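Examination of the molecular architecture
Here is what each chain is made of, one letter per residue.
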Amino acid sequence: MAVAKDRIVIVGAGHVGATAAYALMLRGLFTEIVLIDADEGRATAEATDIADANALARPGQIRSGSYADAADARIVVLTAGAATHGDETRLSVAGRSAVIVRECVANIMQAGFTGILVVAANPVDAMTQIAQEAAGLAPDRVIGTGTLLDSARFRQRLASQLKVAPAAVEALILGEHGDSEVAAFSTVRIGGVALDSFLGSRQIPRATIAEDVMRAAYTIVHGKGYTSFGIATAIVRICEAIRRDERVVLPVSTRADGAFGIEGVCLSLPCLIGSEGILRVLAPDLSEVEIEGLRRSADILKRVVASLSGASD
Ligand code: NAD
C-alpha cells in the first residue's frame, strides 16, 4: 500500500503520546495525526482536546483511529508501554512493556505498515530491539528515542555552566537511555572548540553534571508523576528529521553494527536521519573510559533483552 506522506499514527495516548500529538500539531509537520490506545475513550478524548486547540494553530486533522490507519502512515510512534513510578528503574518495567510492545507491533504490521517506526516506550533500547525484531523491519527503519532527551539535558546543563546558549553546545550522551548511560565529555564542542580548551584553567563539576542528567527523569517523576514535555519534543525532533529528510545527526537508539566492538543490541549512537530512517551510524572519537562505559551499557542491555525473549504474555 502506498505511504501517505502526511499521516502520523501515535500508539499510546497517555502522557507521552498525547503530549507528542499536541507538540506535533503545533509544529504542523503532518496533515493528519491519529491516536490509538487500548483505552479508546482516552484516545478519543485526547484527540478531541487537541483538535480543539488545532483551530487556533496550524491546519491539520487530529483524531482517534484504529490500526488500519497505520497501513499507509509515514511514521508510527510507539508510546504504549509500562510507565515507571517513584525510584523504579526503566529496566524494571521491561517485562511489562515488552508484552505491550509486542502486541502493538503485531497489530501495526498486520495492518500493512511500511513506514518508519519510532519507539519511545521504556526501557527504550530494549523496546526498540523487541519492536524491530517483532516487526521484521530493517534496523534502519526502527528508531528509538534513546538518549536524544538525555543529550538535550546534558547540553542544557553544560550551557548553564558555560554561560552560553544550549544551541551553542554540541554534546552527546550515549549508550543506554538509563542508569548506565555514558556522558561523553569527549564529544563536547562549543563553536568547534573542545571542552578543555573552552574552559582553560576553569573546572566544571563533570561527575555532578553527568549524575544530574542521568537522574533527571527520576527527579521529574518524583515531582509530577511522569515526564512528558521533554520526551514529546524529542519525538517531534526525530519525526521532523524524517518528514523533512533533514539528514541531521541525532543520538538515537539503533541496532549497533560493530562500532566499538558492539553488535546485536540496540543503544544510542549518533545517527544520520532522513526520510528513509537511519542512513548511517557514526562512531565518534571517545576516550577509553567512555568506550568501556558504552560496552558496559551494551552488556547490560543484552542481558535485559535475553531475559525478555520468552515474555509473550
Ligand atoms: P501512560 O500510562 O500515561 O500511557 C500509556 C498508554 O498506553 C495508556 O494510555 C494505555 O492505555 C496505553 N496502552 C497500554 N497498553 C496498550 C496496548 N496494549 N495497546 C495500546 N495502548 C496501550 O504512560 P506514559 O507516561 O505516557 O509513558 C508511556 C511510555 O513511555 C512508558 O513506557 C514510559 O516509561 C515511556 N517514557 C519514555 C521516555 C523516553 O525518554 N523514552 C520518557 C518518558 C516516558
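Residues numbered from 1 in each chain as written. Predicted model: local features only at pLDDT ≥ 70, side-chain atom pairs only at ≥ 80, totals over all residues. Heavy atoms only, no water.

**Brief notes about the overall build of the protein chain**
Along the protein chain, the regular secondary structure elements total 9 helices and 12 strands. Here the protein chain has a C-alpha radius of gyration of 19 Å; the compact-globule value for 313 residues is 20 Å, and the two agree. Seen through its principal axes, the protein chain has C-alpha atoms that stretch 60 × 45 × 35 Å. Counting all 313 residues of the protein chain, 52% fall into the buried class. In the protein chain, once contacts between residues fewer than 6 apart in sequence are set aside, the share between residues at least 24 apart is 70%. Only carbon and sulfur atoms are counted for the fraction: they give 51% of the accessible area of the protein chain, which is about 13100 Å². Charged side chains of the protein chain number 30 positive and 36 negative; the gap between the two group centres comes to 5 Å. (Helix = DSSP H or I, 4+ residues; strand = E, 2+ residues; numbered from the N terminus. Rg over C-alpha atoms; globule rule 2.2 N^0.38 Å. Buried < 20%, exposed > 50% of the residue type's maximum accessible area, 1.4 Å probe, protein only. Contact = heavy atoms within 4.5 Å. Areas by Shrake-Rupley, 256 points an atom, 1.4 Å probe, with all protein chains shown as cover. Lys, Arg positive; Asp, Glu negative; His and termini not counted. Charge placed at Lys NZ, Arg CZ, Asp CG, Glu CD.)

**Description of the sheet that holds strand β9 (residues 193–194)**
Neighbouring strands of a sheet are bound in pairs by backbone hydrogen bonds; such pairs are parallel or else antiparallel. One open sheet accounts for 3 strands, arranged β7-β8-β9; its pairing is antiparallel. Bordering the open sheet on either side are β7 (169–174) and β9, each of which pairs with just one other strand. The strands touched by helix α5 (residues 148–162) within the sheet are β7 and β8 (182–190), with β7 carrying the most contacts at an inclination of about 135°. (Pairing = 2+ DSSP bridges. Axes fitted to C-alpha atoms, helices over the stretch in contact; angles between N-to-C directions.)

**Observations concerning the pattern of salt bridges**
What the rule picks out here adds up to 18 salt bridges. A salt bridge links D72 to R7; the nearest nitrogen and oxygen atoms lie 2.5 Å apart. In this pair, D72 is assigned in the loop between β3 (61–64) and β4 (73–78) and R7 in strand β1 (residues 4–11), connecting sequence segments 65 residues apart. For the pair shown, D72 and R7 are each scored as buried. The salt bridge partner of E32 is R63, with a shortest N-O separation of 2.7 Å. Here R63 lies in strand β3 and E32 lies in strand β2 (residues 32–36), a separation of 31 residues in the sequence. Assessed through its relative accessible area of 14%, E32 is described here as buried. Of the residues examined, R63 reaches a relative accessible area of 22% and is grouped as partly exposed. (Salt bridge = Lys/Arg side-chain N within 4 Å of Asp/Glu carboxyl O.)

**A few points about the domain arrangement of the protein chain**
Entries for the protein chain in the domain assignment read domain 1 (4–144) and domain 2 (148–307). The gap between the C-alpha centroids of domain 1 and domain 2 is 22 Å. The interface is formed by 42 residues belonging to domain 1 together with 44 residues belonging to domain 2. For the pair domain 1 and domain 2, the two sides together bury roughly 3600 Å², of which 63% comes from carbon and sulfur. (Domains from an automatic or database assignment. Buried area = accessible area lost by both parts, 1.4 Å probe.)

**Structural notes on unusual backbone geometry**
Each neighbour pair has its own omega, and for N122 with P123 the value is -5°, a cis peptide bond. Along the polypeptide, P123 turns up in the loop between β5 (116–119) and α4 (124–135). One non-glycine residue, K163, adopts positive backbone phi at about 60°. Checked against the element boundaries, K163 lands in the loop between α5 and β7.

**Topic: the packing of aromatic side chains**
Scanning the entire structure with this criterion turns up 1 aromatic pair. Here the aromatic rings of F154 and F185 are separated by 5.0 Å at their centres, their planes lie at 90°, and the arrangement is edge-to-face. Here the residue F154 occupies a position in helix α5, and F185 occupies one in strand β8, the gap between them amounting to 31 residues. Assessed through its relative accessible area of 0%, F154 is described here as buried. (Phe/Tyr/Trp six-rings, centres within 6.5 Å; stacked < 30°, edge-to-face > 60°.)

**Overview of the site of the ligand**
Near the ligand, the surroundings consist of 24 residues, among which V16, D37, A82, A120 and N122 are the closest. One of the backbone nitrogen or oxygen atoms of V16 is found 2.8 Å away from an oxygen atom of the ligand. Between the ligand and A120, the relevant distance is 3.0 Å, taken from a nitrogen atom to a main-chain nitrogen or oxygen of the residue. For the ligand, the protein covers 87% of the area, taking 860 Å² as the surface of the free molecule. (Near = heavy atom within 4 Å. Polar contact = N/O pair within 3.5 Å; in protein donor to acceptor, adjacent residues only side chain to side chain.)

**Regarding the packing of helix α1 (residues 15–27) against helix α8 (residues 229–243)**
Direction vectors running N to C along α1 and α8 enclose 50°, while the axes themselves pass 8 Å from each other. When the axis of α1 is compared with that of α8, the two are oblique. You can see that α1 and α8 cross each other, and the crossing is right-handed. Side by side, α1 and α8 meet where V16, T19, A20, A23, L24 and R27 of the first sit next to F229, I231, A232, I235, V236, C239 and E240 of the second. Taken together, the residues of the contact of α1 with α8 sort by class into 10 nonpolar, 1 polar and 2 charged. (Parallel < 35°, antiparallel > 145°, perpendicular 65-115°, else oblique. Left-handed = near helix turned anticlockwise from the far one by under 90°. Nonpolar A, V, L, I, M, F, W, Y, C, P; charged D, E, K, R; others polar.)

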